[in-house]
Amino acid sequence: MNMARKKLIKEALAFGFRAALGIIFISPLILGVLFSLQSELELGTYPLKLFTDHPTLQNYQQVFQKVPMFTYLKNTGIVCLICILAQIIISCLTAYGFVFFRFPGKNLLFTLVLMTTMIPGEVVVITNYMTIQKLDLINTYAGLVLPSLTSGTSIFLMRQYFLTLPKDFRDAARLDGCGDLGFLFHIVFPLSIPTISSLAIYQFVLIYNQFFWPLLVTNTDRMRTIQIGISLLVTGDIVNYGHILAGAVIAILPSALIYIIGQDYMIKGMTAGGVKG
């Protein structure tokens, strides 16, 4: 009984520590939600009250009236979906070639792919913008998604996982008459679900939070993304903090929910390529 009690106390303390640490990490979001439920008059008082006696959704209603939030969210969702699908397909096909094919210059080509991960995005943003402008893709979904259709990080992540797959799988599939595409789509893809899920979540958070590139290639509400839309709430000399907080909460919730739901897959995927089989 003493051992069981000690174990129970230890588990309770560990749970309490993790819960407290989690609350500390998400405290900015909690504070944003609490303050966004207050009126502008309450937000202008000193000292600020953490909890209000009269919570209201007026700030959220006014945000949707002030800017087309649904349009921004729709554009962001379309951009994320196209980019994530392209990243998964291109990175899986490229990684499969690096792992299962032999061809001259393979190591050099993979080194060049890794070198792209060391180049900051800001270095090529002017070149990308000039290319998009010459192609007349300003204010289009194509202009928004083209620079994010593939990345060296995605290729590296999928290659590291494919290296853990036994080569006997491919030999057995070829003996059964299965070609490379059949082996990739029917065997490798199902085995790679945790890694692909982690890649999708990582890219979603990255693309969802983009600000500078959408700001360059869009200039109408019809094509703006959520991050640009939130910045439009800060206009003029009078700053409405209630609107800004409500807009920030609306923008943060989708990425936070996606990360919370898929964090187990993300951890499994990031560690799957750590051991070569």
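Parameters at a glance
Residues numbered from 1 in each chain as written. Predicted model: local features only at pLDDT ≥ 70, side-chain atom pairs only at ≥ 80, totals over all residues. Heavy atoms only, no water. Helix = DSSP H or I, 4+ residues; strand = E, 2+ residues; numbered from the N terminus. Rg over C-alpha atoms; globule rule 2.2 N^0.38 Å. Buried < 20%, exposed > 50% of the residue type's maximum accessible area, 1.4 Å probe, protein only. Areas by Shrake-Rupley, 256 points an atom, 1.4 Å probe, with all protein chains shown as cover. Lys, Arg positive; Asp, Glu negative; His and termini not counted. Charge placed at Lys NZ, Arg CZ, Asp CG, Glu CD. Axes fitted to C-alpha atoms, helices over the stretch in contact; angles between N-to-C directions. Parallel < 35°, antiparallel > 145°, perpendicular 65-115°, else oblique. Left-handed = near helix turned anticlockwise from the far one by under 90°. Contact = heavy atoms within 4.5 Å. Nonpolar A, V, L, I, M, F, W, Y, C, P; charged D, E, K, R; others polar. Patch = residues over 30% accessible without salt bridge, like charges linked within 9 Å, V, L, I, M, F, W, Y side chains within 5 Å. Salt bridge = Lys/Arg side-chain N within 4 Å of Asp/Glu carboxyl O. Core = buried A, V, L, I, M, F, W, Y, C linked by side-chain atoms within 4.5 Å. Disulfide = S-S within 2.5 Å.

A.B. asks: When you look at the overall build of the chain in this model, what are you seeing that I'm missing?
C.D. replies: Secondary structure assignment for the chain yields 15 helices and zero strands. In summary, the chain has a C-alpha radius of gyration of 24 Å against a globular reference of 19 Å for 277 residues, an excess of more than 25%. In terms of overall dimensions, the chain has a C-alpha envelope of 75 × 75 × 30 Å along the principal axes. For the chain, the residues scored as buried account for 35% of the 277 residues in total. Surface exposure of the chain reaches about 17,000 Å², of which carbon and sulfur atoms provide 69%. Put simply, the chain has 19 plus and 13 minus side-chain charges, and the middle of one group is 10 Å from the middle of the other.

A.B. asks: Got a minute to help me understand the packing of helix H6 (residues 106-116) against helix H9 (residues 152-162) in this structure?
C.D. replies: Any two packed helices are characterised by the angle at which their axes cross and by the distance between the axes. Contact geometry for H6 and H9: axes closest at 7 Å, N-to-C directions at 125°. Judged by the angle between their axes, H6 and H9 are oblique. Crossing angle aside, the handedness with which H6 passes H9 is left-handed. Packed against H6, whose contacting residues are Phe-110, Val-113, Leu-114 and Thr-116, the element H9 presents Gly-152, Ile-155, Phe-156 and Arg-159 at the interface. Grouping the constituent residues of the contact of H6 with H9 by class yields five nonpolar, two polar and one charged.

A.B. asks: Would you mind showing me how to read a nonpolar patch on the surface here?
C.D. replies: A cluster of nonpolar side chains, contributed by Phe-17, Leu-21, Ile-23, Ile-24, Phe-25, Ile-26 and Ile-30, occupies part of the molecular surface with about 720 Å² of accessible area. Take the nonpolar patch: its biggest share by element is five residues, from helix H1 (residues 2-25). Relative to the helices and strands, Ile-26 resides in the loop between H1 and helix H2 (27-36).

A.B. asks: Would you explain the nonpolar core in this entry?
C.D. replies: One broad rule of soluble globular proteins: the nonpolar side chains tend to lie buried together. Of all hydrophobic cores here, the largest spans 47 residues; its most connected members are Met-69 and Phe-162. Sorting elements by how many residues they give to this core places helix H5 (residues 69-100) first, with 12 residues. Sequence-distant contacts of Met-69, defined by excluding residues within four places in its chain, comprise Val-63, Phe-64, Ile-226, Ile-230 and Ile-250.

A.B. asks: Whenever I open this one, the pattern of salt bridges confuses me. Can you help?
C.D. replies: Side-chain pairs of opposite charge can arise where the charged atoms are in close proximity. Summed over all chains, the structure comprises two salt bridges. Salt-bridge contacts for Arg-170 lead to Asp-180; the nearest nitrogen and oxygen are separated by 2.9 Å. Residue Arg-170 is found in helix H10 (residues 167-175), and its partner Asp-180 is found in helix H11 (residues 180-191); the two are separated by 10 residues along the sequence. A relative accessible area of 12% places Arg-170 in the buried class. Ionic pairing is found between Arg-224 and Asp-221, a salt bridge with its closest N-O pair at 2.8 Å.

A.B. asks: I would appreciate a short explanation of the side chain of Gln-227 in the present structure.
C.D. replies: Residue position: Gln-227 is located in helix H14 (residues 226-231). For Gln-227, a relative accessible area of 18% corresponds to the buried category.

A.B. asks: Please explain the environment of Leu-29 as it appears in this structure.
C.D. replies: You can see Leu-29 is positioned in helix H2. Separated by 12 residues in sequence, Leu-29 and Leu-41 have C-alpha atoms that sit 21 Å apart.

A.B. asks: Sorry if this is basic, but what is going on with the state of the cysteines here?
C.D. replies: The term disulfide refers to a covalent linkage connecting the sulfur atoms of a pair of cysteines. Summed over the entire model, instances satisfying the criterion amount to zero disulfides. Summary of cysteine pairing: Cys-83 is not part of a disulfide, and the nearest cysteine sulfur, belonging to Cys-80, is at 7.1 Å. Of all cysteine sulfurs, the one in Cys-178 lies closest to Cys-92, which takes part in no disulfide; the gap is 16 Å. Take Cys-92: its relative accessible area is 0%, and that puts it in the buried class.

A.B. asks: Would you take a moment to explain the environment of Val-205 for this structure?
C.D. replies: Its location among the elements puts Val-205 in helix H12 (residues 193-208). For the pair Val-205 and Arg-224, spaced 19 residues apart in sequence, the C-alpha to C-alpha distance is 17 Å.

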